[in-house]
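As a plain string of letters, each chain reads:
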Amino acid sequence: MNYLNSNEIKKELLNIMVQLHDFLIANNISYSITSGTLLGAVRHKGFIPWDDDIDISMLRPEYNKLISILRENNTINNNLKGIGFELGNSTLPFLKIINPKISTEEYVCENTYLKGNLWIDIFPLDGVPNLFPNLYIKYLIRFPREFYNTKRKAVEFPSRPINNKSYKYIKHIKYNSIIRFFIKQSSIFNVKRCKLVHDIIWGTTVIDKDIFLDLKDYDFENVKFKGISNNDKYLKYLYGNYMELPPPEKRINHGLKAWYNEEKEV
């Protein structure tokens, strides 16, 4: 197997992102690079040196617009495609834009790997109630998310032990029903009426919606992508002193292996 090296993986990820950016702009869909991708743009003008992925986010109405377009024609530039529960081709409660010509293997834990295709994640940002938002995140949305994560481990990683007490309540419920419930509960509040939003998958805190309404161009590996103008506020939410490099033991990535399905034409 001829695996791509780190620089080759980043080159292919960048190629996916350039095509995705053009597609979103052409369809008038607002997005922002987020998480480590935005941090990389601010701190390194590109990828965080040890990173191996790209993340973007968009408010739920924009996300739903993208879902509708991909349901009609699931192709981007005749090269890329979307996968996700809402497209009927995955159990993921968010979107991945993949290059089917590049296979991947991602390390999860000992003797456990996820196989797929090289991807970019698209996470929807959902509304949070204006009253008691932290209680909503801590107690109400916690359970649908916990049910989803627990059921996912049981179904997709059956060799791993399930230590979560909630499993006994959901083990007989169909996986698709759990995913559908998770998405429905996460998106129950109308984003337009909410002052705050949260990330359906990884979010443990709430973020001002307004910062996702004011975007600008960021230089990222000598190309430009859209991102939150007030990056300082967002990055402090996530990382605190984000300009300080983490210690070497915390410079982690997906442990990704990638290879072309066929010999690439020269």
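A few points on the structure.

**Re the pairing of strand β4 (residues 95–109)**
Bridge count between strand β3 (residues 81–83) and β4: three bridges; the pairing is antiparallel. Looking across to β4, one finds that K81 is bridged to I98. The pairing of β4 with strand β5 (residues 112–128) spans 11 bridges and is classified as antiparallel. Looking at the pairing, Y107 lines up with Y113 of β5.

**Overview of a nonpolar patch on the surface**
A cluster of nonpolar residues, L131, F132, L135, Y139, L140 and F143, forms a patch on the protein surface that exposes about 680 Å² of accessible area. Among the residues examined, L135 registers a relative accessible area of 46% and is labelled partly exposed.

**A word on helix α1 (residues 6–26)**
Its 21 residues give α1 an end-to-end C-alpha distance of 30 Å, which sits within 8% of 30 Å, the value for a rise of 1.5 Å per residue. Among the residues of α1, I9, K10, E12, L13, L14, I16, M17, Q19, L20, H21, F23 and L24 are the ones counted as buried. Its side-chain oxygen 3.1 Å from the backbone nitrogen of N7, N5 forms the N-cap of α1.

**Some points on the side chain of K96**
Examined against the element boundaries, K96 turns out to sit in strand β4. A polar contact is formed between the side chain of K96 and the side chain of D121, at a distance of 2.8 Å. Setting aside residues no more than four positions away along its own chain, K96 makes contact with K81, G82, I83, W119, I120 and D121.

**Observations concerning helix α7 (residues 175–186)**
Since the α-helix packs 3.6 residues into each turn, any two residues three or four apart lie on the same face. Helix length check: α7 (12 residues) gives 17 Å between terminal C-alpha atoms against 16 Å at 1.5 Å per residue, within 8%. For α7, the set of buried residues is Y175, I178, I179, F182, I183 and S186. One side of α7 holds all its buried residues, which, seen down the axis, span an arc of 130°.

**Things to note about the pattern of salt bridges**
Counted under the stated rule, the structure contains nine salt bridges. Two residues, K226 and D217, come together in a salt bridge whose shortest N-O distance is 3.0 Å. On the basis of relative accessible area, D217 is assigned to the partly exposed category, the value being 41%. For K224, the salt bridge is made with D219, and the minimal N-O distance between the two is 2.6 Å. The partly exposed category is assigned to K224, whose relative accessible area is 47%.

Rules used in this analysis
- Residues numbered from 1 in each chain as written.
- Predicted model: local features only at pLDDT ≥ 70, side-chain atom pairs only at ≥ 80, totals over all residues.
- Heavy atoms only, no water.
- Pairing = 2+ DSSP bridges.
- Helix = DSSP H or I, 4+ residues; strand = E, 2+ residues; numbered from the N terminus.
- Patch = residues over 30% accessible without salt bridge, like charges linked within 9 Å, V, L, I, M, F, W, Y side chains within 5 Å.
- Areas by Shrake-Rupley, 256 points an atom, 1.4 Å probe, with all protein chains shown as cover.
- Salt bridge = Lys/Arg side-chain N within 4 Å of Asp/Glu carboxyl O.
- Buried < 20%, exposed > 50% of the residue type's maximum accessible area, 1.4 Å probe, protein only.
- Expected span 1.5 Å × (residues − 1).
- Polar contact = N/O pair within 3.5 Å; in protein donor to acceptor, adjacent residues only side chain to side chain.
- Contact = heavy atoms within 4.5 Å.
- Arc of directions from axis to C-beta.

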